[in-house]
2 protein chains.
Amino acid sequence: MTTFGSIEAGGTKFVCAVGDESLTTKDQTVIPTTTPQETLQRCVDYFQAHPVNALGIASFGPLGLNPASSDYGYITTTPKPGWQHTDFLGLMKRSLNIPMAWTTDVNGSAFGEYTAAQRQGEALGTLVYYTIGTGVGAGIVNDGKFLGRLGNPEMGHVYVRRHPDDLDFAGICPRHGDCLEGLVSGPTFEARLGRKGETVSLSNPIWDIMAYYVAQAALQTTMTLRPNKIVFGGSVASEGFLEKVRPAFAKLMNGYVTVPPLEHYIVTPLVPNNGSATLGDFAMARDALK
Amino acid sequence: MTTFGSIEAGGTKFVCAVGDESLTTKDQTVIPTTTPQETLQRCVDYFQAHPVNALGIASFGPLGLNPASSDYGYITTTPKPGWQHTDFLGLMKRSLNIPMAWTTDVNGSAFGEYTAAQRQGEALGTLVYYTIGTGVGAGIVNDGKFLGRLGNPEMGHVYVRRHPDDLDFAGICPRHGDCLEGLVSGPTFEARLGRKGETVSLSNPIWDIMAYYVAQAALQTTMTLRPNKIVFGGSVASEGFLEKVRPAFAKLMNGYVTVPPLEHYIVTPLVPNNGSATLGDFAMARDALK
């Protein structure tokens, strides 16, 4: 039987998993993110104990993604201490002699959602996946391939028009101040209100301000890519929040281009329990084996 | 010898042209845009007098672009009187029994610029072409194919952050007011200053305001697509104007992602004399013949 492996590599934990031919998870382990040496060795140990035919890796970044570049397969200029210039893919390849696929964490999630939609019979040309959590990132799958030739998309760092009730907030992006990430990522709750987003009721007007910004991101995405679907994952993007984003989007769009019914267009992930990236990794591994 | 035809269909004029195997224009005629019946018949007459092996059409829109839809090949809901629901491609196919390619005017230009860059040996993954003239539109070529699954891109209608010296101007987009097109299209000069843009010196501060808006569009495009190149055509987008856009873009980007040197990244068209769409149509016709 053919099996596929997944490494979802995050700043706090690595999730390693084994899937069967139908891409169903059969085994999974969580490894805390410590040093590169220790963490990656534990991934190798896991897949030596649980052999797979191919491996998909979706990692925090920034990453070297250009196969023609000397930093291909590396975690490059990450602020995470000790992880700069880590030859992640190279170590895996030297230790596990199987086909591998390598992309960003959010691309992995995008590919998982694309795969899950296809299984439901949705004919997707283009799917965009945003994560809104510690940061804001996005991945784009177009006809089964990732977009982003000179590097992965960085749609967390677009500018949006400021909400009139939020003009005093400077934003928290170290590079841009009040770009999208600087205005809507999870830590903005602490910055604005002094408490965590999980504790802020959806009736708090801060959510309407956030919805205005996220709706602008969805509008930019729509006007640029005309995708079939925009998925929002991450801790901030609950269904209750998206219920505020949809009318804000409709108001900004003002009927200009036709999109699918908004409850099928601006959506939370199909794959439950934050499993999008693992499914995406399995599907990427399957493609790598072909 | 194989020859290729081009129809560049605009609201004021149609340009029909014949190109040779090297995609060089050998003959060209300009037909004023009157009624659909008269204008399209003159196109048919031209290609009956100048037979070609395949035809590329780049038209003003909006267009039916989905081959599976009943409005494929139509100019659909255009505001241009008399042209709503015109079966442009269908009439051409009934009259001229040759392979044809069909896309938007700005996609045609994008494909022409992509073709011209390839000929110069530029390895382009993704090219974006904006036109800033009567309106603002954009086309995207990714790996030789157009992006936009649910319809063509409408990047003229994204929102941008307002320039502090321009807050009194409401914008002129009938649908959105102060979206990008409502702030930077050619007619905004008359709306703001009471005179045509051609008469406004580049030292007028209005150009700095415009550059701030166009730089935001370039930034959104960069963060979303990570293209190899963004080409700006149309009457407003002179090299002198782009010299103002580039530093505004660099300031907004603040070094976050690496792009090519800006004088090779934010550029005017390679093809001279507004010829991008004709070259693109020839190249599309060549692909249609394959």
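Scroll up to find the structure.
Residues numbered from 1 in each chain as written. Chains lettered and ligands numbered in written order. Predicted model: local features only at pLDDT ≥ 70, side-chain atom pairs only at ≥ 80, totals over all residues. Heavy atoms only, no water.

## Section: the packing of aromatic side chains
The test is simple: Centre distance within 6.5 Å is the pairing criterion for rings of Phe, Tyr and Trp, where only the six-membered ring of Trp is used; planes under 30 degrees apart are then read as stacked, over 60 as edge-to-face, and the remainder as tilted. Secondary structure follows DSSP: runs of H or I at least 4 residues long count as helices, runs of E at least 2 residues long count as strands, and numbering of each begins at the N terminus. For every residue, the accessible area (1.4 Å probe, protein chains only) is compared with the maximum for its type, and the residue is labelled buried under 20%, exposed over 50%, or partly exposed between those bounds.
Under the counting rule described, the total for this entry stands at 24 aromatic pairs over all chains. A ring pair is formed by Phe 111 of chain B and Tyr 114 of chain B, whose centres lie 6.2 Å apart and whose planes are at 15°; its orientation type is stacked. Taken together, the residues span about one helical turn, with Phe 111 of chain B and Tyr 114 of chain B both in helix α3 (residues 105–119) at a distance of three residues. Tyr 114 of chain B shares its class with Phe 111 of chain B; the two are buried. Between the aromatic rings of Trp 207 of chain B and Phe 241 of chain B, the centroid separation amounts to 5.3 Å while the plane-to-plane angle is 55°, which identifies the pairing as tilted. Highlighted residues: Trp 207 of chain B in helix α6 (residues 206–225) and Phe 241 of chain B in helix α7 (residues 239–253), separated in sequence by 34 residues. Since its relative accessible area comes to 6%, Trp 207 of chain B is described here as buried. For Phe 241 of chain B, a relative accessible area of 0% puts it in the buried group. One aromatic cluster in this structure is built from Phe 14, Phe 60, Trp 83, Phe 88 and Trp 102 of chain A.

## Thoughts on the environment of Leu 183 of chain B
Examined against the element boundaries, Leu 183 of chain B turns out to sit in helix α4 (residues 180–184). Taking the C-alpha atoms as reference points, Leu 183 of chain B and Gly 135 of chain B, separated by 48 residues in sequence, lie 10 Å from one another.

## Quick notes on the pairing of strand β4 (residues 54–59) of chain A
Residues and elements named next belong to chain A. Let me state the cut-off plainly: A pair of strands is treated as paired once DSSP finds two or more bridges between them.
In terms of residue burial, β4 counts as a mostly covered element, since six of its six residues are buried. Burial of the side chains of β4 extends over both faces: Ala 54, Gly 56 and Ala 58 are buried on one face and Leu 55, Ile 57 and Ser 59 on the other. Pairing of strand β1 (residues 4–9) with β4 involves six bridges; the strand directions are parallel. Bridging from a neighbouring strand, Ala 9 pairs with Ser 59 of β4. In this sheet, strand β5 (residues 100–104) lies alongside β4 in parallel orientation, the contact comprising five bridges. In the sheet register, Gly 56 faces β5, and the bridge partner there is Ala 101.

## Examining the state of the cysteines
All names here are of chain B. This is how the line gets drawn: Here, a disulfide means two cysteine sulfur atoms that sit within 2.5 Å of each other.
Counted according to the given criterion, the structure contains zero disulfides over all chains. Here Cys 16 stays free of any disulfide, with the sulfur of Cys 43 as its closest cysteine sulfur at 3.6 Å. For Cys 16, a relative accessible area of 0% translates into the label buried.

## Some points on the side chain of Asp 178 of chain B
Note the following rule: Two residues qualify as a contact provided that any one of their heavy atoms is within 4.5 Å of a heavy atom in the partner residue.
You can see Asp 178 of chain B is positioned in the loop between β8 (145–146) and α4. Ignoring sequence-local partners within four residues, the contact set of Asp 178 of chain B consists of Arg 161 of chain A together with Tyr 159, Arg 162, Ala 170, Gly 171 and Leu 183 of chain B.

## Let's talk about the layout of surface pockets
Residue and element names in this part refer to chain B. Test applied: A cavity, in this analysis, means grid points on a 1 Å lattice covering only the protein atoms where a 1.4 Å probe fits yet has no way out; a pocket is instead an open set bounded by protein on both sides within 12 Å along at least five of seven lines, and a residue lines either one if it has an atom within 4 Å of a point. Grid points are joined across faces, edges and corners, and a volume is the space filled by probe spheres set on the points. Gly falls in the polar group here, along with every residue not listed as nonpolar (Ala, Val, Leu, Ile, Met, Phe, Trp, Tyr, Cys, Pro) or charged (Asp, Glu, Lys, Arg).
Approximately 270 Å³ is the volume attributed to the second largest pocket. Around the second largest pocket sit 15 residues that line it, and Gly 186, Gly 197, Glu 198, Ser 235 and Val 236 are the ones nearest its centre. Of the residues that constitute the lining of the second largest pocket, the class distribution is six nonpolar, six polar and three charged.

## Some details on the packing of helix α6 (residues 206–225) of chain A against α6 of chain B
The following threshold applies: Under this scheme, a helix contributes an axis fitted over its contacting stretch, all axes are lines through C-alpha atoms, and angles between N-to-C directions fall in the 0 to 180 degree range. If an angle is under 35 degrees, it is roughly parallel; if it is over 145, roughly antiparallel; if it lies from 65 to 115, roughly perpendicular; otherwise it is oblique.
Contact pair α6 of chain A / α6 of chain B: the axes reach a minimum separation of 11 Å and the direction vectors enclose 80°. By the angle class used here, α6 of chain A and α6 of chain B are roughly perpendicular. Note on element contacts: α6 of chain B touches α6 of chain A through Gln 220, Thr 224 and Leu 225 of chain B, opposite Gln 220, Thr 224 and Leu 225 of chain A. When its residues are assigned to classes, the contact of α6 of chain A with α6 of chain B shows two nonpolar, four polar and no charged.

From the geometry alone we can't say anything about function, so treat these as descriptive.
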